[in-house]
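# What the coordinates show
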Amino acid sequence: MSIIVGIDIGGTFTDLAIINAATGARHYLKVPSTRENPSKAAISGLLELFDTHRINPNELTSVSHGTTVATNAVLEGACARTAMVTTKGFRDVIELARQRRPDLWNLDVPKPNPIASRDLRLEVDERIDHLGNILRDPRPEDVAAMIADLARTGAEAVGICFLHSYANHVHENCVAEEIRAALPEMFVSTSSDVVNEFREYERFSSTVLNASLLPVMDQYLSDFEEGVRKLKPEIALRVMQSNGGVMSSGMARRKPINTFLSGPAAGVVGAVEASTRAGSPDFITFDMGGTSTDVCLIDQGNPTLRQEQIIAGLPVKRPTVDVNTVGSGGGSIAWLDEMGLLKVGPRSAGAYPGPACYGRGGKEPTVSDANMYLGRLNPNSLLGGRMKVDQTAAETALGKLAAPMTICEEEAAAGILKIVTADMVQAIRVISVERGMDPRNYALVAYGGAGPLHAADVALELGMSRVIVPQSPGLLCALGLLHSKLRIDFSQTRLITMEEGAEIAMNELLAGLQADFECWKRSEGVADQPMKTSLSGDFRYHGQDFELSIPLSGSQVTAIDTQRLVEAFHNAHLEQYGYNAPAQQVQLVAMRLVVSGDKPELPAYRASQGERVAVPSEARNVWFETSGWIETPVYLREMLPTGTKLDGPAVVEQMDTITVVPPEMTLSVLPDGALMLESKV
């Protein structure tokens, strides 16, 4: 058994990558996504790959999957009807939120609606304090009455969110058991299982959001698993998480909020692999697909993680690769606002009908149509000839956009590219310049179906001198899935003042996390697999509202360790904020345990070698901002051996993307097959 599969379902295309771990053979496929049933495109594509390359299904080892189903369900309001059960007096926490407006200066921007509307929020008279002491048990008759009310709401799912359940979750567990017994069809999620930390608004919101996705993901993963297991029963199915690791499909069913941004996270993993081979550990990822662009700053090969993300204006308190997303992709629609000014996105043409040039009935001009008109895309076909294009439709769409502005199609297309470049430059500035990092010190790693098409323009605008294009950039998210390792994050809030005897409470907290870890290993069937663990604590000065993460070492905490941790926190605070307060009491807020499996060992990609000289397959007129229209050689990437060096302008075509090399840059093929674009200046 040696066949491993990675499948990434995006908004426009579904990408599939197969690697034979024994022979090193690789097979790729890119098919349009099926929005009505995302698993349909994935399964049909998988069957096509197996049939085309005569792969024996019995050799299938594992399938790893990145999905946008949970994200799209929230963004489109397609979640299940969801109720919430909480402590008496706290039903409005998820609506009051933090009392901050989404846009401080715009009074017309509404606050996001909570997933559970007020009529679906029920209360139970119970109370546990912040130390875990039971002050009031819920009465059985009150719980029974609440369940009767819950049944009448018609909700499919319920999130149980009691005030201090992170300190003691006995009440949440008891009520959950009662609901499951009385309403067996109800999907139930408890806050202590989803986010075992304090700050009730973020915990409540995350839990209710998780509950609302349980029916959606359960149906979706059932369809997906059924299709995969027709190839081979009982195959291991892994789902990508937003933290950069994979989890079992069973865990994904329990915690679907862990799948937010799973596709972009897989791309970051793939980019780390590609850039490491290229010798560039410091880089910024540039993943441009059909509907959006995702960017992430990588320092010394390590992506930054954040403990909270925002989805549709709602907080999701889960570890996430620090990806910044903007609604600019190949399918982003160009339009005129009420003042007649040209805008691009965030609305996208998607896979169907798609850009006008796709010939599927799209009428509105998109970024892809602009690229087609300006000669940057192949005017005859895409996807290695599998998708014919309609250049006339692209010209017609651009003409309708240009007419009200009294400009020509060329100017409209150039304007679209200039605007989308500015949007992507701003996205990179957010994760670099606004955090004190100079993007000129980093390489730009371009991938996604449209990333290499726009990367040079973005890099030149930012003053970045190098662009790396991995061997299969349009499929890098699918390939990143194959490089991802099993991962689980445990956390537990407990407020511990770092004073004499603090190590006793810290060790009790650590023992609880270790017990959760052992339970997880048994439930996931990985008790005999080697695992790596990493421990850290969230520390703050007493009275502060924000914490800093400090690594912990060893399986036990000693008195000497507590002193070292306090010193480490003072130093970290000085580095982060420019000052510290050694006389101030330090407090541990939460402890975190990260568990990961071994990284998959995959055969290295063998780039094409040989004495042949790169010869253009054709030449066509391509528009560049600095030169206008210029005859440009077009190369097939598979015909570029390692060591090739070319001066721009040039266009390099392959099945999954097109790389544009402007006149200001050169191109070379690295030993692993990656392309390196470098500024001539």
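Basis of the calculations
Residues numbered from 1 in each chain as written. Predicted model: local features only at pLDDT ≥ 70, side-chain atom pairs only at ≥ 80, totals over all residues. Heavy atoms only, no water. Helix = DSSP H or I, 4+ residues; strand = E, 2+ residues; numbered from the N terminus. Buried < 20%, exposed > 50% of the residue type's maximum accessible area, 1.4 Å probe, protein only. Contact = heavy atoms within 4.5 Å. Areas by Shrake-Rupley, 256 points an atom, 1.4 Å probe, with all protein chains shown as cover. Phe/Tyr/Trp six-rings, centres within 6.5 Å; stacked < 30°, edge-to-face > 60°. Expected span 1.5 Å × (residues − 1). pLDDT = per-residue confidence, 0-100.

### Considerations on the overall build of the protein
The secondary structure content of the protein amounts to 16 helices and 37 strands. Considering only C-alpha atoms, the protein reaches an extent of 80 × 60 × 55 Å along its principal axes. Burial status across the protein gives 56% buried among its 681 residues. At a minimum sequence separation of 6, the contacts of the protein that also span at least 24 residues come to 67%. Surface summary for the protein: the accessible area is close to 28800 Å², and the carbon and sulfur share equals 50%.

### Structural notes on unusual backbone geometry
Cis geometry is found at the peptide bond from Gly345 to Pro346, where omega equals 0 degrees. When you line up the elements, Pro346 lands in strand E22 (residues 342-348). In this structure, the amide linkage connecting Gly648 to the following residue, Pro649, adopts the cis form with an omega of 10 degrees. Within the fold, Pro649 resides in the loop between strand E33 (645-647) and strand E34 (650-653).

### Some details on the environment of Asp528
Looking at the secondary structure, you find Asp528 in the loop between helix H15 (502-524) and strand E28 (532-541). On the accessibility criterion, Asp528 (69% relative accessible area) is exposed. Residues Asp528 and Thr632, spaced 104 residues apart in sequence, show a C-alpha to C-alpha distance of 57 Å.

### Examining the packing of aromatic side chains
Inspection of every chain in the model, using the stated rule, returns 6 aromatic pairs. Centre to centre, the rings of Phe13 and Tyr358 are 6.2 Å apart; their planes meet at 55 degrees, and the pair counts as tilted. Taken as a pair, Phe13 in strand E2 (residues 13-20) and Tyr358 in the loop between E22 and helix H10 (367-373) lie far apart in primary sequence, 345 residues in all. An identical accessibility class is assigned to Phe13 and Tyr358; each is buried. Ring centres of Tyr220 and Phe224 lie 6.2 Å apart, and the angle between their planes is 40 degrees; on these two criteria the pair is classed as tilted.

### Regarding the side chain of Glu197
For Glu197, the location among the structural elements is in the loop between helix H6 (191-194) and helix H7 (200-231). Overall, the relative accessible area of 5% leaves Glu197 in the buried class. With residues near it in sequence (within four places) discarded, Glu197 still touches Tyr166, Arg203, Lys317, Ser491, Thr493 and Arg592.

### So, helix H16 (residues 559-577)
Here H16 is 19 residues long and its end C-alpha atoms lie 27 Å apart, about the 27 Å a rise of 1.5 Å per residue gives. Where H16 is concerned, the buried positions are Asp561, Thr562, Leu565, Val566, Phe569, His570 and His573. Where the residues of H16 are buried, they touch H15, E28, strand E29 (548-552) and strand E30 (586-596). Residue Gly578 follows H16 closely and has a positive phi angle near 85 degrees.

### Looking at the confidence of the model for the protein
A residue-level look at the protein finds 99% of positions with pLDDT of 70 or above and a mean pLDDT of 91. Across the protein, the secondary-structure element scoring lowest on mean pLDDT is strand E23 (residues 381-382), at 76, and the one scoring highest is strand E5 (residues 82-87), at 98.

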